[in-house]
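Working through the structure, step by step
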Amino acid sequence: MSSSSIVFLEERETMLTDQFAQVFRQEHRQLRDTLLDLIEAFQRRDMAALPVLINQALVCAGPHCRYEEDALYPALSQFFEPDYIEILLIDHDWMIGAMRQLHVFSKQTQLGDDDIHMAVRLLQNMLPHVSDCEGLSIMVERLSPPVVQSILEARIWSLSEGLDLLQWAEQIRRRPFLSPQAV
Ligand SMILES: [Fe+2]
């Protein structure tokens, strides 16, 4: 292979991993900001903002978690032990359970002090999952270009399906969610 072909392939590889890192970070950023806004809205007892923000979190997290489980985690299983992949899935089990509870809170007409305390605790416990997940893109840099391409395609497909987190969890995903009290 000529040196110019090698340079072309290396550039293509970098473009794909950069493209992945960019969209992955943007999605985590959006989720992070929505979770932080939710913490504030619960603390202010802003009952008008809560359903809007919960919906935003569900719409953002649904396609994201779906392509992670459909394509990203299977691809990363070449680096990680099955136990670690299971931990990533359990994180989602818990997040789904926590979001279900937050969704219930957002539909109530009033929230007590205990409800607010629980909601804020759930949201604060969710934030490390977002920042930990962002770290996975360092491993994606070592995947082959066709595999990165397949993850990006799974992302597009998942976005076009458009199921939010709870719709996906209830209709498609074949794992039970965890009680929000589990953390
Ligand atoms: Fe993620």
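Before any of the text, the structure's been laid out above.
Below, the structure is looked at part by part.

Criteria and thresholds
- Residues numbered from 1 in each chain as written.
- Predicted model: local features only at pLDDT ≥ 70, side-chain atom pairs only at ≥ 80, totals over all residues.
- Core = buried A, V, L, I, M, F, W, Y, C linked by C-beta atoms within 7 Å.
- Buried ≥ 20, exposed ≤ 12 C-beta atoms within 10 Å, placed from the backbone.
- Helix = DSSP H or I, 4+ residues; strand = E, 2+ residues; numbered from the N terminus.
- Contact = placed C-beta atoms within 7 Å.
- Expected span 1.5 Å × (residues − 1).
- Axes fitted to C-alpha atoms, helices over the stretch in contact; angles between N-to-C directions.
- Parallel < 35°, antiparallel > 145°, perpendicular 65-115°, else oblique.
- Left-handed = near helix turned anticlockwise from the far one by under 90°.
- Nonpolar A, V, L, I, M, F, W, Y, C, P; charged D, E, K, R; others polar.

Structural notes on the nonpolar core
L38, A57, A61, A98, M99, L102 and L165 are the most contacted members of the largest nonpolar core, which has 28 residues in total. Those elements that provide at least two residues to this core are α1 (3–44), α2 (49–76), α3 (82–107), α4 (113–134) and α7 (165–171). Among the elements that line this core, the one with the most residues is α2, at eight residues. Residues in contact with L38, not counting those within four places in the same chain, are L53, A57 and L123. Within the second largest apolar cluster, 11 residues are counted, among which are L16, L143, V148 and A154.

Focus: unusual backbone geometry
For residues other than glycine, phi is negative in most cases, and the peptide bonds are mostly trans. A positive phi angle is found at R45, which is not glycine, with a value near 55°. Position of R45 among the secondary structure elements: in the loop between α1 and α2.

Observations concerning helix α6 (residues 145–161)
Residues three or four positions apart in an α-helix share a direction because the helix packs 3.6 residues into each turn. Taking 1.5 Å as the rise per residue, α6 with 17 residues should run 24 Å; its terminal C-alpha atoms sit 24 Å apart, in good agreement. One or two residues past the end of α6 sits G162, with phi positive at roughly 70°.

A word on the packing of α3 against α4
Interhelical geometry of α3 versus α4 gives an angle of 150° and a closest axis separation of 10 Å. Comparing their axes, α4 and α3 come out roughly antiparallel. When the axes of α3 and α4 are compared, the crossing they make is left-handed. Taken together, the residues of α4 that come into contact with α3 (itself represented by D91, M95, A98, Q101, L102 and F105) are D115, A119, L122, M126 and H129. Across the contact of α3 with α4, the residue classes break down as seven nonpolar, two polar and two charged.

Notes on α3
Helix length check: α3 (26 residues) gives 38 Å between terminal C-alpha atoms against 38 Å at 1.5 Å per residue, within 8%. Among the residues of α3, those classed as buried are H92, W94, M95, I96, G97, A98, M99, L102, F105 and S106. Packed against the buried residues of α3 are α2, α4 and α7.

Some thoughts on the environment of A61
Tracing the backbone shows A61 in helix α2. Among the residues examined, A61 registers 27 C-beta atoms within 10 Å and is labelled buried. Along the backbone, A61 and L165 are 104 residues apart, and their C-alpha atoms lie at a distance of 5.7 Å. The residues touching A61, leaving out its near neighbours within four places in the chain, are L31 and L165.

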